[in-house]
Amino acid sequence: MTDAFRIRQLTENEIHIPLELAMEEGWNPGLEDGPAFFTADPNGYFAGEIDGKLINVISAVRYGNAFGFIGLYICKPEFRTMGYGHRIWAHAMDYLGPRVIGLDAVNEQTASYAQHGFKSVYRNIRHAGISMCDTPMDPRLAPLGHGLFPGIRDYDQRFFPAERTQFLKTWAAPMLETRRGFAFVEDGHVRGYGVIRQCREGYKIGPLFADEPEIADTLFRTLAGQVKGQTVILDTPEPNAAALLMAEKYELSPEFETFRMYRGPAPDLPLDQLYGITTFELG
């Protein structure tokens with residue numbers, strides 16, 4: 001291993017680099033995920049270089065002082081098993097410090113993360129299929145926009161272990177052509193919301209949070225109906241039986257899985273109301 005290896009922060013103009021590497025790994029990121037990712041923590045994206053050549057990346061997003069999330073941990077194939085991955089991992093973990101840390105791991109990597117103090121809590125199952133949905137006509141549905149943002153922000157806090165307002169301003173109040181979002185509002189209260197975004201292949205729905213299965217179903221049909229005839233993807237927590245039934249109902253097939261792991265106490269989240277996680281990369 002050469003001492004020419006160094007680690008540096010990625011800039012806003014470089015946030016596309018880990019997403020391009022993720023695409024090469026088949027992770028299928030959203031076309032315009034970069035701005036929201038970077039806003040979540042502008043200091044949390046790192047690259048490892050040898051003589052100025054980028055060889056690996058990792059994200060370590062700080063959500064306040066108590067929670068962090070690891071993602072986009074990728075090393076170019078020709079530099080694997082040489083120790084560089086361990087070095088950028090250690091850098092990311094030092095950056096997050098004593099926070100509770102979450103990540104989504106493929107099965108073959110869970111033992112490695114367990115050696116660093118991470119414990120598996122539940123599986124996430126990716127479902128995908130062709131949308132055959134029509135958007136329902138329901139007066140309780142409202143497209144996301146700035147007027148709804150305070151309610152969305154407050155509702156989201158039930159489903160995430162830390163405040164993530166800056167991230168949501170880009171992610172869940174989208175003004176981008178590649179994404180749409182809707183809330184289910186009843187008697188002036190948000191009772192669910194979801195976002196669908198265009199990815200390198202198909203469209204991912206995430207998050208999809210709802211008080212009740214019927215509300216989740218309505219939101220799913222609303223989101224999937226935006227892209228009828230196209231592939232839709234939903235990442236469902238396995239403990240939510242209603243989410244798995246909904247995926248089956250709309251003929252989405254399981255095609256991939258991760259294990260949600262935490263170092264430190266696992267957050268107590270209402271998984272029975274969490275029908276689609278926001279993103280494997282940032283939680």
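Each remark here, short or long, concerns the structure printed above.
Residues numbered from 1 in each chain as written. Predicted model: local features only at pLDDT ≥ 70, side-chain atom pairs only at ≥ 80, totals over all residues. Heavy atoms only, no water.

## Observations concerning the pattern of salt bridges
Phase 1: The full count for this structure, using the stated rule, is 21 salt bridges.
Phase 2: Residue Arg 158 pairs with Asp 211 through a salt bridge whose shortest N-O separation is 3.2 Å. Of this pair, Arg 158 sits in the loop between α5 (149-156) and α6 (165-171) while Asp 211 sits in the loop between β10 (203-210) and α7 (213-225), and the two are 53 residues apart along the sequence.
Phase 3: Taking relative accessible area as the criterion, Arg 158 reaches 37% and is therefore assigned partly exposed. (Salt bridge = Lys/Arg side-chain N within 4 Å of Asp/Glu carboxyl O. Helix = DSSP H or I, 4+ residues; strand = E, 2+ residues; numbered from the N terminus. Buried < 20%, exposed > 50% of the residue type's maximum accessible area, 1.4 Å probe, protein only.)

## Describing empty space enclosed by the protein
Unoccupied space between atoms shows up once a probe the size of one water molecule is rolled over them.
Phase 1: This structure, assessed with the given rule, holds 2 cavities of 30 Å³ or more.
Phase 2: Taken as a whole, the largest cavity holds about 90 Å³ of empty space.
Phase 3: Lining the largest cavity are 15 residues, with Phe 159, Phe 160, Arg 260, Leu 269 and Gly 283 positioned closest to its centre.
Phase 4: Looking at the lining of the largest cavity, the elements with two or more residues in it are β4 (67-75) and β12 (253-263).
Phase 5: Here the lining of the largest cavity is built from residues that sort into 11 nonpolar, 2 polar and 2 charged.
Phase 6: In this structure, the second largest cavity encloses a volume near 50 Å³.
Phase 7: Lining the second largest cavity, in full, are Arg 126, Arg 197, Lys 204, Ile 205, Gly 206, Asp 235, Ile 277, Thr 278, Thr 279, Phe 280 and Glu 281.
Phase 8: Counting residues per element, the lining of the second largest cavity draws most heavily on β10, which supplies 3 residues.
Phase 9: Of the residues contributing to the lining of the second largest cavity, the split by class is 3 nonpolar, 3 polar and 5 charged. (1 Å grid on protein atoms, 1.4 Å probe; cavity = no way out; pocket = protein on both sides within 12 Å on 5 of 7 lines; lining within 4 Å. Points joined across faces, edges and corners; volume = space filled by probe spheres on them. Nonpolar A, V, L, I, M, F, W, Y, C, P; charged D, E, K, R; others polar.)

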